[in-house]
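A structural walkthrough
Chain by chain, the residues:
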Amino acid sequence: MTLKRFRNLLLSCTILVAGAAGLAQAASTVPTTLTNAAATVIATSQSVLHDGDFAGNVYDAYYGVVQVVASIRNGQLADVKAVKFPNHSGESRSINRQALPMLQQEVVQTQNARVRIISGATLTSRAYIASLRDALVLAGN
Amino acid sequence: MMGMPITIEIVDAPTADLGQEIFDWFNHVDQRFSPYIETSEVCRLSKGDVSDDELSDEMREVLVLAEATRLESDGAFNIRRPSGFIDPSGIVKGWAISKAAKTIAACGVTSFYVEAGGDIQAHGLDGAGGAWSVGIRSPFNDKDIIKVVALSGQGIATSGTYVRGDHIYDPRDPDRKLDEIVSVSVIVDDVVDADRFATAAFAMGRDGIYFLESLPGVEAYAVDAHGIATQTTGFGKFVR
C-alpha cells in the first residue's frame, strides 16, 4: 500500500513537469529544478519519512505559480496540497486544458461525520453480488 | 426507477399528493427510458420500431441533450452502443431528478432534496437549518464515506465502476478496461449536468478530471484505484 502511494506521488510530480514542459518555449527561466524536486521526493521515499507538513519551492508555470505541501503522518504520505493555484480567468482555463493544470490530490480517508444523503455508484454493491453468489451456490447444491 | 431506490425529503409544507406525483413521475420515466423494459420507447427505438416522427417530446429532449454531451466530451459520452442499442442510463437519471426537483420547486417548496440511485438535487436547508450534508460513498467499501460536502442549490452525481455492473464504457474504445479511475463525483447547479458530465469524465479515465476542470461552474472529486483523489480547483468550497 505504501508503495502505491509513493507511486502516486510520483504521478503528481509528473503532472507538474508536464505543466512546466509547455513553459520551455514561453519563458527563459525554465524551472529545471522541478525534476530535481521529483528526484528528491523519490530519494525521501526510500528513507524514513518524518511526520509534518513540508512545502516545496514555488515554481512558475505559465498558467500561474504552483507550490505543493506534502503532509507526512505516521511515516507515510497522507496528503499533497497545492497551496498556490493558477488564476482562473477564462483565458487561462482554456490554456490549462491543454497543459494539465496541477490539481490538488489527497489519499482518500474514511469520514466519521453523519450525513443526510449519500452520493455514490450504488446499489449493485458487493453485498448484493455476494448474496446473489450465495444464492446461486445454494441453488447449485 | 431503473431498479434504483428513490428518496424525497421535503422540509417545508409537504403534501402527500406531491410525493405521490414525484414517484409516479419516476415510474413514468422508467417505463419510457428503461433498456430493461422491452416495451419501453427506448427499446422500441433501438429496434427501429419507432420512427423519428413518432418520438415523444421527452425522448427528443433526452436525445438532444445526449448529442450535445457527446459533442462536448469529444465522443467520450455516447448513448449509442457499438451493438446499435441505445442506452441513455448515463443521462436519464439526472434528467428525471432535475425535472422532479423543478416540479417540487414550482409548488412553492424551497427546502428539499430528491435522490435517485445516488444522484441528488438539493435545495434550501435541511430540517436543522444547515445546508444538506451529502456523503460521497467510498468506491472501495460501500459502507464508508470518503468525503462530506454541503449542498444548497446544487446537484451531485457519481459515476463509478461498480455502479450497476459495467454500465459505463468508453465508446471510442469499448474494450478498454476502465480501472484507473474508480469514482467520479460531480457537483454543478443542475443534477442533469452533474450526471452527464460525471458519465463522460468517467469514460475518459485519467483525463476526466481535467475535462471537468475546464467546464465553468463544475466541480469534481475523482478517485483512482490506488485510493488517491484528485479534485478540481473550486471543489474545496463544498467540503465540510
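Model, not experiment: these values are computed from the prediction. (Residues numbered from 1 in each chain as written. Chains lettered and ligands numbered in written order. Predicted model: local features only at pLDDT ≥ 70, side-chain atom pairs only at ≥ 80, totals over all residues.)

Some details on the pairing of strand S6 (residues 154–160) of chain B
When you tally the buried positions in S6 of chain B, you get seven out of seven residues, the bulk of the element. Here S6 of chain B shows no split at all, with Gln154, Ile156, Thr158 and Gly160 of chain B on one side and Gly155, Ala157 and Ser159 of chain B on the other all buried. (Buried ≥ 20, exposed ≤ 12 C-beta atoms within 10 Å, placed from the backbone. Helix = DSSP H or I, 4+ residues; strand = E, 2+ residues; numbered from the N terminus.)

Looking at the packing of helix H3 (residues 57–72) of chain B against helix H4 (residues 89–106) of chain B
All names here are of chain B. Where H3 meets H4, the axes come as close as 10 Å, and the angle between the chain directions of the two elements is 120 degrees. Considered as vectors, H3 and H4 are oriented oblique to each other. The interaxial crossing formed by H3 with H4 has right-handed handedness. Touching Val62, Leu65, Ala66 and Thr69 of H3 are Ile91, Val92 and Trp95, all from H4. (Axes fitted to C-alpha atoms, helices over the stretch in contact; angles between N-to-C directions. Parallel < 35°, antiparallel > 145°, perpendicular 65-115°, else oblique. Left-handed = near helix turned anticlockwise from the far one by under 90°. Contact = placed C-beta atoms within 7 Å.)

Let's talk about the environment of Phe54 of chain A
Structurally, Phe54 of chain A can be placed in strand S1 (residues 52–55). For the pair formed by Phe54 of chain A and Ser71 of chain A, sequence separation is 17 residues and the distance between their alpha carbons is 6.3 Å.

Section: the confidence of the model for chain A
With 25% of its residues at a pLDDT of 70 or more, chain A has an overall mean of 50. Within the model, the stretch residues 60–66 of chain A combines pLDDT values under 50 with 31 contacts to residues more than four positions away or in other chains. (pLDDT = per-residue confidence, 0-100.)

Brief notes about unusual backbone geometry
Residue and element names in this part refer to chain B. Unusually for a residue other than glycine, Asp74 sits at a positive phi of about 55 degrees. Structurally, the position occupied by Asp74 is in the loop between H3 and H4. When the 12 C-beta atoms within 10 Å are taken as the criterion, Asp74 is described as exposed.

Let's talk about the sheet that holds strand S4 (residues 132–137) of chain B
On the basis of which strands lie adjacent, the open sheet formed by three strands has the order S6(A)-S4(B)-S5(B) and mixed pairing. In this open sheet, the two strands that pair with only one neighbour each are strand S6 (117–119) of chain A together with strand S5 (145–151) of chain B. Here the strands of the sheet are splayed against their neighbours by 35 degrees on average, with no regard to which way each runs. With six bridges connecting them, S4 of chain B and S5 of chain B associate as antiparallel partners. Looking at S5 of chain B, one finds that Arg137 of chain B is bridged to Ile145 of chain B. (Pairing = 2+ DSSP bridges.)

Let's talk about the nonpolar core
Nonpolar side chains in soluble globular proteins tend to be buried together. By size, the foremost hydrophobic cluster in this structure holds 69 residues, and its most contacted members are Ile156, Val186, Ala194, Phe197, Ala201, Leu212 and Ala220 of chain B. In terms of residue count, helix H5 (residues 191–203) of chain B provides more of this core than any other element does, nine residues in total. (Core = buried A, V, L, I, M, F, W, Y, C linked by C-beta atoms within 7 Å.)

Things to note about H3 of chain B
An α-helix turns once per 3.6 residues; consequently, residues spaced three or four apart project the same way. Residues and elements named next belong to chain B. The end-to-end C-alpha distance of H3 is 23 Å, a good match for the 22 Å that 16 residues give at a rise of 1.5 Å each. Buried within H3 are the following residues: Val62, Ala66 and Thr69. In an axial view of H3, the angular spread of the buried residues amounts to 60 degrees, which keeps them on one side of the axis. Seen from the buried face of H3, the exposed residues on the opposite side, beyond 90 degrees, are Asp57, Arg60, Val64, Ala68 and Leu71. In the stretch just after H3, Asp74 is the one whose phi turns positive, near 55 degrees. (Expected span 1.5 Å × (residues − 1). Arc of directions from axis to C-beta.)

A few points about the environment of Arg44 of chain B
Residues and elements named next belong to chain B. In this structure, Arg44 sits in helix H2 (residues 41–46). Between the C-alpha atom of Arg44 and that of Arg32, which follows or precedes it by 12 residues, the distance is 9.7 Å. Not counting residues within four places of it along the chain, the set of residues in contact with Arg44 comprises Asp49 and Val50.

Structural notes on H5 of chain B
Residues and elements named next belong to chain B. Relative to the 18 Å expected for 13 residues at 1.5 Å per residue, H5 spans 18 Å between its end C-alpha atoms, a close match to the ideal helical length. The buried fraction of H5 amounts to 13 of the 13 residues, a majority that puts the element mostly inside the structure. Following H5 by one or two positions, Gly205 has its phi on the positive side, about 65 degrees.

Notes on the packing of helix H1 (residues 16–33) of chain B against H4 of chain B
Residues and elements named next belong to chain B. It is at 10 Å that the axes of H1 and H4 come closest, and there the two elements cross at 155 degrees. By the angle between their axes, H1 is roughly antiparallel relative to H4. Relative to H4, H1 is oriented so that their crossing is right-handed. In contact with Leu18, Glu21, Ile22, Trp25, Phe26, Val29 and Phe33 of H1, H4 contributes Val92, Ala96, Lys99, Ala100, Thr103 and Ile104. Residues of the contact of H1 with H4, tallied by class, amount to 10 nonpolar, one polar and two charged. (Nonpolar A, V, L, I, M, F, W, Y, C, P; charged D, E, K, R; others polar.)

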